[in-house]
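# Observations on the three-dimensional arrangement
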Amino acid sequence: MKNKLIALAVTLLLGGSQVWAQAQQPATTAAPTASVKIGYTNMEYILQNMPESKDIQNQITIQRTQLEKNYQEMSKEFQDKLAAYEKGQAQMSDLIKADKEKELQGLQQRIQEFQANSSTQLQTKYNQLVNPVMQKIQKNIDAVAKESGFTFIFNLDAGSGTIPVLLYAPEENDVTELVFKKMGVALPSKQAAAQPAANPTTAKPTTPAPKKN
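Predicted model, so just to flag it, every value in this text is computed and none were measured. (Residues numbered from 1 in each chain as written. Predicted model: local features only at pLDDT ≥ 70, side-chain atom pairs only at ≥ 80, totals over all residues. Heavy atoms only, no water.)

### Quick notes on the nonpolar core
I46, M50, I56, I137, V179 and M183 are the most contacted members of the largest nonpolar core, which has 33 residues in total. Listed by contribution, the elements that provide at least two residues to this core are α2 (43-48), α3 (51-88), α4 (94-148) and α5 (176-183). Here this core gets 13 residues from one element, more than from any other, and that element is α4. Discounting chain neighbours no more than four positions away, the residues touching V179 are I46, N140, I141 and V144. (Core = buried A, V, L, I, M, F, W, Y, C linked by side-chain atoms within 4.5 Å. Buried < 20%, exposed > 50% of the residue type's maximum accessible area, 1.4 Å probe, protein only. Helix = DSSP H or I, 4+ residues; strand = E, 2+ residues; numbered from the N terminus. Contact = heavy atoms within 4.5 Å.)

Dropping the structure here:
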């Protein structure tokens, strides 16, 4: 009987020791979470300093100048006909007067439509010229991100008149210089500030004054 009690005590002691040993073992370490590396740049600044940028602005300027010339010609035609109408309306019959007024109204409408179409033409032209360059920039940003281990790269510029996406970021996370080097483009001077892109639709000619009755 005594031997059985001793054996039972030993069994309990060994079992308790195993439980205590298991409790002392460190918990299984969770798999390490992949680190997140965030970079940023200013795509507008890169675009403005691309070799293609000057040619884009030149082409837009040429097209805008031609459209403005056409507008001025139409506007002069309207003003001349309006002046002639006002000068001679007292001697005009009601039928001729109504015909002249209809002509002036039609010409004014053509000018307004020309304005709207001009803005659309300029914007379309600008997009056609800029999109391939922006795709080139994006391709090189992707390459820099992979080579340098960036998880995300944000665009610092949120557009003209808006608050930047990033209000603060360490300077060492700026990948702009890396992108320029990747494309083989000469780095802009440190003093060069980013200039907003010229919006081809901002400068709109004024619609001629409505016909006076």
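### Some details on the packing of aromatic side chains
For the structure shown, the criterion picks out two aromatic pairs. Ring geometry for Y45 and F180: centres 6.3 Å apart, planes at 85°, overall edge-to-face. Taken together, the residues Y45 in helix α2 and F180 in helix α5 connect sequence positions 135 residues apart. According to the relative accessible area criterion, Y45 is buried, its value standing at 13%. The class for F180 is buried, based on a relative accessible area of 1%. Sitting over the ring of F150, K37 keeps its end group 4.5 Å from the ring centre. (Phe/Tyr/Trp six-rings, centres within 6.5 Å; stacked < 30°, edge-to-face > 60°. Lys NZ or Arg CZ within 6 Å of the ring centre and 35° of its normal.)

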